[in-house]
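Each chain, letter by letter, is given below.
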Amino acid sequence: MASALTPAALTLDNVGYAYLGRTVLDRIDLTLAPGEVVALVGPSGCGKSTLAHIAAGVLEPRHGHLERSYRRHGMVFQEARLMPWATTRENIAYPLRLAGVSRRDRAARAEAAAARVALDIRDLDKYPAELSGGMMQRAAIARALVAEPDFVYFDEPFTALDVALKRRMQNLVIEASRALHFGALFITHDLSEAVRVAHRIAVMDLHGRGIVGDRLLPGMPGDRDEATVYTLAAALAKDPAFRHIHDVDERRLP
Amino acid sequence: MRLTARLGARLGHVGAFVWSGWAGISGLALFAAVWQAGHEVYGNFILSAPAATVGAAATILTEADNLALIWDTVRRAAQGFVLAAAVGIVGGLGAGYSAATMRLVRPILTVLLGVPPIAWIVLAMIWFGGSDGTVITTVVVAATPLIFVSVAEGVMTRDRKLDDMATAFGAGPLARLTTLGLRHVLAFLFPALTVALGSAMKVAVMAELLANTGGIGGALAMARANLDVTMALAWVLVAVGGLIVLEYLLVHPVRAEFERWRNASRPWGVKR
């Protein structure tokens, strides 16, 4: 993606995290070039989400350090996490409100972000309770994009959606990433989703002890057709580094 | 276009609110009917007629001296209420965000709530004599714990996932409090404030009667001394009427404004 001279957008160096004395993450090293979309895959409960939360600044790492050289980030969570008392427009504009943007500018920019994720302008005055699951997740993506970030965290954003909707959302993310040139860390446990959206796939250890390996994907996200995605995902599933990603240790689930 | 739509929606809300008043008026009419029946059974000395009582209340409201008495009670109740709300909200926020504070405060609250209000009046009378302080202190003591507990409850039940979301978008603790925490607490605060407002008024009247400090309570004491049931009921009517006016003209509209989203999530058939 980028030459060795440009600084990385995000660098995780020996990052670890423990929760109530139990080590959840250990020795995580990961570097993302500017504009690069990296999918981080791993089995359920291996600490992928925790890593995204640490990288986004929601959690403090227990040891190691991270360096963010992007300007601003956005984040999309597994659930939409919209404020139930605010209209869709206000929800999308929330990062702008935090940034101190004036009310008038907020409304205009929220509408622009909503248009990017194909949310109807009439839906913007509705409350989250009046939206469908897909529309809520669209609003969450619009919220992540509204402040024009150059980096976006996606924490298993489409797990709760059905297959067709998932596909549309993935295309939406790919298009937005191309148009707005943002890099991303895309957490998922779905290999074909990873293959569809990312430049590179990194695999996490079953118990969160480091990144086991990473694979650069041929071609660009959005240029790969269904057959290519299927072949790549099938090939990766046979790759020794990826073999454990469907193992689940239920007791480690939060 | 959007402005007219918004104006239309606003008018619709007001219309629905006014229209919902019919049910309230019917309920009051039913109550008046039972009262009238009681009057006809027991006679004028025990229970005067509702019409006569309303008439007496209307006369009360036309006399400047009486208005001054009402104003005394309202002022004291309002001062106590505002003080209780301030202490309750600040303390509740503190206790909600800090589990250690909550653990310290809970037994204190249990003790405070266990003391009968009448005991507070006696203490306040010793401390403040026949001044406003007696009434205000009693109101504050009676109204604060409820507001405190509700606010703390609100803070503790906040959606931590929303807090994480805000943190991810760069919100500090203060921004999280003002944009998420307080907004969530409002849903708990409003019912508590309504109840506290009612009890502030009631406790103020009681404290005035017992401490003999004038106001509506003083007027009630006078009516009792004269064995004037009509006058006593009329003063009660004035106090209750004031409370109803305050609740429906101020508390409910403000609350409806903040709770509009809740209405949106209900299917259209069962809205209020």
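For clarity, every value in this text was computed on a predicted model and none was experimentally measured.

Colleague: Tell me about helix α1 (residues 48-55) of chain A, and name the residues and values.
Modeller: Of all eight residues in α1(A), seven are buried, a share of seventy percent or more. Those residues of α1(A) that sit buried are K48(A), T50(A), L51(A), A52(A), H53(A), I54(A) and A55(A).

Colleague: So what about the pairing of strand β5 (residues 73-76) of chain A? Which residues, and what values?
Modeller: All names here are of chain A. Residues H73 and M75 point to one face of β5 and G74 and V76 to the other, with burial holding for every one of them. Pairing of β5 with strand β6 (residues 151-155), which is carried by four bridges, proceeds in the parallel orientation. Note that in β6 the partner of G74 across the bridge is V152.

Colleague: Please give an account of the environment of Y17(A) that cites residues and values.
Modeller: All names here are of chain A. Checked against the element boundaries, Y17 lands in strand β1 (residues 10-19). The sequence separation of Y17 and E60 amounts to 43 residues, and the corresponding C-alpha distance is 8.1 Å. When near neighbours in sequence (up to four residues on either side) are disregarded, Y17 contacts R22, T23, V24, L25, T50, I54, L59, E60, P61 and R62.

Colleague: Describe the packing of helix α4 (residues 64-97) of chain B against helix α5 (residues 99-114) of chain B, naming the residues involved and giving the relevant values.
Modeller: All names here are of chain B. Between α4 and α5, whose axes approach to 5 Å, the crossing angle comes to 120°. With respect to their mutual orientation, α4 and α5 come out oblique. Residue-level contacts link G94, A95 and Y97 of α4 to A99, T101 and M102 of α5. Broken down by class, the residue content of the contact of α4 with α5 amounts to four nonpolar, two polar and no charged.

Colleague: An account of helix α3 (residues 50-62) of chain B is needed here, citing residue identities and associated values.
Modeller: All names here are of chain B. End to end, α3 covers 19 Å across 13 residues, agreeing with the expected 18 Å (1.5 Å per residue, within 8%). Every buried residue of α3 is listed here: P50, T53, A56, A57 and I60. End-on, the buried residues of α3 take up no more than an arc of 120°, which puts them together on one face. Within α3, the exposed residues directed more than 90 degrees away from the buried face are A51 and T62. In this structure, the buried side of α3 is in contact with α2 (21-42), α4 and α11 (229-258).

Colleague: Quick one: what's the story with the domain arrangement of chain A, residue by residue and with numbers?
Modeller: Residue and element names in this part refer to chain A. Each domain of chain A was delimited in the assignment, giving domain 1 (1-71 + 151-254) and domain 2 (84-149). Taking only C-alpha atoms, the centre of domain 1 and the centre of domain 2 are 25 Å apart. Domain 1 puts 15 residues into the contact, and the matching count from domain 2 is 11 residues. Both sides of the domain 1 and domain 2 interface together cover about 1,100 Å² of buried area, and 70% of this is carbon and sulfur. It is M169, L172 and L180 that lose the most area in domain 1 upon contact with domain 2, and together they represent 40% of the buried surface on that side. Taken together, the connections running from domain 1 to domain 2 amount to zero salt bridges. Here domain 1 and domain 2 share two residue pairs in polar contact (both at pLDDT 80 or more) between them. Partitioned by chemical class, the residues of the side of domain 1 that touches domain 2 number 13 nonpolar, no polar and two charged.

Quick notes on the rules
Residues numbered from 1 in each chain as written. Chains lettered and ligands numbered in written order. Predicted model: local features only at pLDDT ≥ 70, side-chain atom pairs only at ≥ 80, totals over all residues. Heavy atoms only, no water. Buried < 20%, exposed > 50% of the residue type's maximum accessible area, 1.4 Å probe, protein only. Helix = DSSP H or I, 4+ residues; strand = E, 2+ residues; numbered from the N terminus. Pairing = 2+ DSSP bridges. Contact = heavy atoms within 4.5 Å. Axes fitted to C-alpha atoms, helices over the stretch in contact; angles between N-to-C directions. Parallel < 35°, antiparallel > 145°, perpendicular 65-115°, else oblique. Nonpolar A, V, L, I, M, F, W, Y, C, P; charged D, E, K, R; others polar. Expected span 1.5 Å × (residues − 1). Arc of directions from axis to C-beta. Domains from an automatic or database assignment. Buried area = accessible area lost by both parts, 1.4 Å probe. Salt bridge = Lys/Arg side-chain N within 4 Å of Asp/Glu carboxyl O. Polar contact = N/O pair within 3.5 Å; in protein donor to acceptor, adjacent residues only side chain to side chain.

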